[in-house]
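Here are the chains, one letter per residue:
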Amino acid sequence: MLHRAPVRPTTVRSTYRLQLRPDALTFADARAIAEYLQQLGISHLYLSPIMTAARGSTHGYDVTDPTTVSAALGGPGGLKALSDEVRSRGMGLIVDLVPNHVGVGDPRQNPWWWDVLRNGRDSRYARYFDIDWSPANGAGGRLALPVLQSENDPAALTVDRSGPEPMLALHDLRFPIAAGTDGDNALRIHDRQHYRLVSWKAGVCTYRRFFAVSSLAAIRQESSEVFDVTHRELAAWCEHDLIDGVRVDHPDGLADPSAYLERLRRVIGPQRLLLVEKILANREPLDATLPIDGTTGYDALADLGGVLLDPAGEVALTDLSQQVAGHGSDRAWFGETEHRIKRAVAENILAPEIRRLVTAIKRDAGAETSDTLALSNATIEVLAFMPVYRVDYAPLAGITAAVVAEVEKRNAELTAPLGVLVTALAAGGEAATRFSQVCGAITAKAVEDTMFYQGARLVSLQEVGGNPARFGHSVNDFHLSNSERAQRWPATMTTLSTHDTKRGEDVRARIGVLSQVAELWSRRVRGWLEITPAPDGATALFLLQNMFGVWPADGRPASSVPGLRDRLHRFAEKAIREAGTKSSWEEPDAAFESAVHAWVDQVIDGPVGSGLSDLAHEMAPHAWSDALAQKLLHLCGPGIPDIYQGCELWEDSLVDPDNRRPVNFGVRAGLLQSLTDTPALDTTGAAKMWVVAYALWLRRERPECFVGGRYLPMYAVGEHAHRIVAYSRGPAGEAPEVIVVASRFSVGLGATGWLDTTLALPPGQWTDRLTGATYAEQARMDKLFARLPVALLVR
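Numbers given for residues are sequential positions, taken from 1 along each chain in its written order. In view of the model being predicted, local features appear only for residues whose pLDDT reaches at least 70, and side-chain atom pairs are presented and counted only at 80 or more, with totals across whole chains, interfaces and linings using the full set of residues. Heavy atoms throughout the structure, all of them, feed into the side-chain values; hydrogens and water do not.

In the annotation of an unreviewed UniProt entry, the entry for the protein reads Malto-oligosyltrehalose synthase, and the organism field reads Nocardia thailandica.

Encoded structure:
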């Protein structure tokens, strides 16, 4: 293959996300694949969190020591060696920061948390955490740790005297014993500590968490001391030029994201890339006053998948969902369900956060004697109607007022408590801060983590940052979104798969094809559920779509694919519990889950599985077509495209931890070296790698056409013009040099082919980098797509 000489990038052109983990992908392992990634055309490796995390962590977001680089990954020396390696190849590093929280699941592994447990409010680290020490905190003024699994757990407490200091022991967990409190039985010792072990079902937790995850304790980045300590390593990396940018995890959880990002920008300097993990709601603008380059790309993901969905399938799929699941998963259902689930989340798993927020509201409003129940209800109702993650960003001014007005209109009895809430928010103190923090937590738990497992119309739409109530995007909508991205956020990240996506890009692409064969799918599903009745219709419809998304495309039975059965069972269990309608993480229904597992096996081994095999095989060319379309549209579109590890070939990942499986880079490197001509569209995925490599090489060859370059929509003419998505790229203010053309709705081409559909080309001779064919004046689609369903034309 042709490999171009490396050039040190002045800007980030493309990124490749690596999920580092001690057992599979360390700094040394990343160094070993740097040559392959360079040959693929990547400019920057984008690393998952690299600070010391909980032992055995496969993701790194449970940081236990934010002041040290993970020794398990290779330590500071390993990071320096990796940076040197990629620098020598004209590449760079982007790192993932986790400022909002630290891991406290095993207190012994977090020295700050251990010190707080031992010394309480006198600990020098007590102010690092967001802890409620008030006498009315529900734990008698102590730090409540919701770790007890049952009522009998306190009886299991013992004293472990096997090490250098005595510790309270609860099963595998250990807790410190404060000075002067040892010497009695375990229960009496426990009663003398600064902390109190409580049941996770008690609804008591006196420290701010990451959402409702009690093993992740939030830290106070609004404190200069905490910021300086937790960003000391980052400052050193910048000083020694080890990194080229950062991605900020969950800034919406911070007390003041804008102030934090301003300070972070000062640390990393004006030239390094600064991206935020920001989930924008439908039509929500990104705050242009923030000192950032953009988001991590969920907004682009929704555009790229949405433009390939056939709106003609909406009615049939809505009807199927209505019949099988009992609801249409349409706009009305999503709106009503989101409000209902948000209320339930606030009243249950986030009850400690609501309780603390209401206390702050009373204090800031000077209304200590106001009715707690009424105020809680009013606050929850406002939060449940909030259409965004948090509302204190500049472009969202006025939303809170509109929501409060709507709540008051719906329920006049809440007028008085709403007045208390408004007074507190206007004060701009602790209550306003906590209101924004809790708002994001409620939204995340209710929408992505619950509602997206209940909807059953077309599950490829139920993705992080997506709006499943909106059945696809028009081509015009797609172009306007891209044009705005090119002009306003030219260096934002765009993506198709991440460690957080509910299913991988190729799985979504295949499920999306069901919009083109909605009537056929509906008939098949009804027939399958008659043959193999399911314990629950909504669960079955949800799982069948995901099964179709990962089913072998070559006609093989799923039972012959190593590990697939186990992966489907693990996904089914997570999906059932996240949905929370028939079972849950808090109260698993063993009988229902057992019935679903039995049904999954019946599907895999019976006639339904055979039917899925036939349909997956029949639809495979169309699924591959859409997968290549979204990939090329992504790689050449505005912004900096990120490739999630392994996704340069077909991938069949479901939600985490399925998408964190180790990647075989040796196979990929070998395949890249072996490609010499346009590959066939088949199960190997060689065609996808071909498209990825040529698109990335072109970005390297002509960077001025992409980040900061011009974007112009193009439109085909003819019988099947609506099945084309095309645009041109070029240097700002200059003529186009690159044209991207992708097909969509390919199922409908079967009978007639492309007929008279053509695309007019700007002056000059254009060569398709993917096939070598040349064109001038216009391109006929039957010629352009003779070998692949996408084209990359270069003047």
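Enquirer: Pulling in residues and values, what's your account of the overall build of the protein?
Expert: Counting from the N terminus, the helices are DSSP H or I runs at least four residues long and the strands are E runs at least two residues long. Tallying secondary structure elements over the protein gives 25 helices and 24 strands in all. Taken over C-alpha atoms, the radius of gyration comes to 27 Å for the protein, in line with the 28 Å a tight globule of 795 residues would show. Principal-axis analysis of the C-alpha atoms gives the protein an extent of 85 × 65 × 55 Å. By the counting rule applied here, Lys and Arg register as positive and Asp and Glu as negative, while His and the ends of each chain are not counted. Charge placement uses NZ in Lys and CZ in Arg. For Asp and Glu, CG and CD serve respectively. Computed over 81 positive and 96 negative side-chain charges, the separation of the two mean positions in the protein equals 2 Å. Between the two quantities, the radius of gyration covers C-alpha atoms and the globule rule is 2.2 Å times the number of residues to the power 0.38.

Enquirer: Can you tell me about the packing of aromatic side chains, naming the residues and giving the values?
Expert: Whether two aromatic rings pair depends on their centres lying within 6.5 Å, for rings of Phe, Tyr and Trp, where Trp uses its six-membered ring; planes under 30 degrees apart make the pair stacked, over 60 edge-to-face, and the rest tilted. Following the criterion strictly, the structure yields 19 aromatic pairs and no others. Ring centres of Trp112 and Tyr125 lie 5.7 Å apart, and the angle between their planes is 15 degrees; on these two criteria the pair is classed as stacked. Of this pair, Trp112 sits in helix α3 (residues 111-119) while Tyr125 sits in the loop between α3 and β7 (143-148), placing them 13 residues apart in sequence. Pair check on accessibility: Trp112 and Tyr125 agree, each one buried. Measuring from centroid to centroid gives 5.2 Å for Tyr125 and Tyr128, while their planes differ by 85 degrees, and the two rings are edge-to-face. For every residue, the accessible area (1.4 Å probe, protein chains only) is compared with the maximum for its type, and the residue is labelled buried under 20%, exposed over 50%, or partly exposed between those bounds.

Enquirer: So what's going on with the sheet that holds strand β20 (residues 724-730)? Which residues, and what values?
Expert: With respect to topology, 6 strands assemble into an open sheet ordered β19-β20-β21-β24-β22-β23, the strand pairing being antiparallel. Both edges of this open sheet fall to β19 (710-714) and β23 (774-780), since each of them pairs with a single strand only. Sheet twist, expressed as the average angle between the axes of neighbouring strands with direction ignored, equals 25 degrees. Bridge count between strand β22 (residues 758-768) and β23: 6 bridges; the pairing is antiparallel. Paired with Gln765 across the strands is Ala776, a residue of β23. We call two residues contacting when some pair of their heavy atoms lies within 4.5 Å. Axis angles are defined between N-to-C directions and span 0 to 180 degrees, where every axis is a line fitted to C-alpha atoms and, for a helix, only to the segment in contact. Set on the sheet, helix α22 (residues 607-636) makes contact with β20, β21 (738-743) and β24 (790-794); between it and β21 the angle comes to about 155 degrees. Packed onto the sheet, helix α24 (residues 686-701) meets β21 and β24 and runs at close to 25 degrees relative to β24. Strands are labelled as partners when DSSP assigns at least two bridges between them.

Enquirer: Hey, could you go over the pattern of salt bridges for me, with residue numbers and the actual values?
Expert: The salt bridge criterion pairs a side-chain nitrogen of Lys or Arg with a carboxyl oxygen of Asp or Glu, the two atoms within 4 Å. The full count for this structure, using the stated rule, is 64 salt bridges. For Asp96, the salt bridge is made with Arg247, and the minimal N-O distance between the two is 3.0 Å. Here the residue Asp96 occupies a position in strand β5 (residues 92-97), and Arg247 occupies one in strand β14 (residues 245-248), the gap between them amounting to 151 residues. In this pair, the class of Asp96 matches that of Arg247, namely buried. Arg470 is the partner of Asp477 in a salt bridge, and the nearest nitrogen-oxygen pair spans 2.2 Å. Just as Asp477 is buried, Arg470 falls in that class too.

Enquirer: Now, about the pairing of strand β9 (residues 167-170): what can you tell me, with residues and values included?
Expert: In regular strands, side chains alternate between the two faces of the sheet. Alternating residues of β9 divide into Met167 and Ala169 and Leu168 and Leu170, and every residue in both groups is buried. As paired strands, strand β8 (residues 158-160) and β9 are joined by 3 bridges and run antiparallel to one another. The partner of Thr158 across the bridge, within β9, is Ala169. Hairpin connection of β8 to β9: 6 residues between the antiparallel strands. Bridging between β9 and strand β10 (residues 173-176) involves 4 bridges; their strand directions are antiparallel. Paired with Leu168 across the bridge in β10 is Phe175. The hairpin formed by β9 and β10 contains 2 residues between the paired strands, and His171 there has a positive phi angle of roughly 55 degrees.

Enquirer: Outline the nonpolar core, listing residues and values.
Expert: Buried Ala, Val, Leu, Ile, Met, Phe, Trp, Tyr and Cys residues that are joined via side-chain atoms within 4.5 Å together make up what is termed a nonpolar core. The biggest cluster of nonpolar side chains holds 150 residues, and the ones touching the most others in it are Leu18, Leu45, Leu47, Ile50, Trp237 and Leu264. With 12 residues, the single largest contributor to this core is α24. The contact partners of Trp237, leaving out residues within four places of it in the chain, are Ile50, Met51, Val69, Leu79, Val95, Leu242 and Ile243. The next biggest cluster of nonpolar side chains, apart from the first, holds 56 residues, and it includes Ala316, Val459, Phe471 and Leu568.

Enquirer: A description of the environment of Val388 should follow, citing residues and the corresponding values.
Expert: For Val388, the position within the fold is in the loop between α12 (372-385) and α13 (399-410). If sequence neighbours within four positions are ignored, Val388 has contacts with Ala281, Glu284, Leu396, Cys439 and Thr443.

Enquirer: Can you lay out the pairing of β7 for me, pointing to particular residues and giving the numbers?
Expert: The element β7 is largely enclosed, with a buried count of 5 among its 6 residues. Pairing geometry for β7 and strand β11 (residues 195-199), over 5 bridges, is parallel. Residue pairing in the sheet places Pro146 in a bridge with Val198 of β11.

Enquirer: Any chance you could break down the side chain of Lys342 for me, citing the residues and the numbers?
Expert: As for its placement among the helices and strands, Lys342 is situated in helix α10 (residues 331-347). On the basis of relative accessible area, Lys342 is assigned to the buried category, the value being 0%. Dropping the residues within four chain positions of it, Lys342 is found in contact with Leu383, Ala384, Met386, Ile442, Thr443, Ala446 and Val447.

Enquirer: Could you give an account of helix α23 (residues 665-674), naming the residues involved and the relevant values?
Expert: Residues Phe665, Arg668, Leu671 and Leu672 constitute the buried set of α23. Within α23, the buried residues cover an arc of 125 degrees as seen down the axis, which keeps them to one side. In the core, the buried residues of α23 are packed alongside β1 (15-18), α1 (27-40) and α24. Two or three places before Gly666, at the start of α23, stands the capping residue Asn664, its side-chain oxygen 3.1 Å from that residue's backbone nitrogen. This arc describes the spread of directions from the helix axis toward the C-beta atoms. Here a polar contact is recorded for every N or O atom pair within 3.5 Å, except that within protein the pair must consist of a potential hydrogen donor and a potential acceptor, and residues adjacent in sequence are included only if both atoms are side-chain atoms.

Enquirer: I'd love a proper account of the confidence of the model for the protein, names of residues and values included.
Expert: The pLDDT score gives, residue by residue, the confidence of the prediction method on a 0 to 100 scale. Residues at a pLDDT of 70 or more form 99% of the protein, whose mean pLDDT is 96. Every residue in residues 1-10 scores below 50 in pLDDT, and together they form 25 contacts with partners more than four places removed in sequence or on other chains.

Enquirer: Can you tell me about the environment of His339, naming the residues and giving the values?
Expert: Locating His339 in the fold gives a position in helix α10. His339 sits in the buried class, given a relative accessible area of 18%. Spatially, the C-alpha atoms of His339 and Val794 are 49 Å apart, while their sequence positions differ by 455 residues. Residues in contact with His339, not counting those within four places in the same chain, are Glu381, Ala384 and Phe385.

Enquirer: Give a detailed account of the UniProt feature "domain: Glycosyl hydrolase family 13 catalytic" (unreviewed entry) in the protein, specifying residues and quantitative values.
Expert: UniProt positions are given in the numbering used here, feature names are shortened, and annotations may be inferred rather than shown by experiment. Cross-referencing UniProt, the feature "domain: Glycosyl hydrolase family 13 catalytic" (unreviewed entry) maps to residues 19-675 in the present numbering. Structurally, residues 19-675 comprises 47% helix and 11% strand, and the distance from its first C-alpha atom to its last is 27 Å.

Enquirer: Before we move on, can you summarise the state of the cysteines with the specific residues and values?
Expert: Two cysteine sulfur atoms form a disulfide, by the criterion used here, when they sit within 2.5 Å. Using the criterion set out here, one finds 0 disulfides in the structure. Cys647 forms no disulfide, and the closest cysteine sulfur to it belongs to Cys636, at a distance of 17 Å. Judged by relative accessible area, which is 1%, Cys647 ranks as buried.

Enquirer: Lay out the packing of α1 against helix α2 (residues 75-88) with the relevant residues and their values.
Expert: Relative to each other, α1 and α2 sit at 10 degrees, their axes nearing to 9 Å. In terms of their interaxial angle, α1 and α2 are classed as roughly parallel. Between α1, through Phe27, Ala30, Arg31 and Ala34, and α2, the contact on the second element is made entirely by Gly75, Gly78, Leu79, Ala81, Leu82, Glu85 and Val86. Amino acids outside the nonpolar list (Ala, Val, Leu, Ile, Met, Phe, Trp, Tyr, Cys, Pro) and the charged list (Asp, Glu, Lys, Arg) are all regarded as polar, and Gly is one of them. Considered class by class, the residues forming the contact of α1 with α2 number 7 nonpolar, 2 polar and 2 charged. Roughly parallel refers to an angle under 35 degrees, roughly antiparallel to one over 145, roughly perpendicular to one between 65 and 115, and oblique to any angle outside these ranges.

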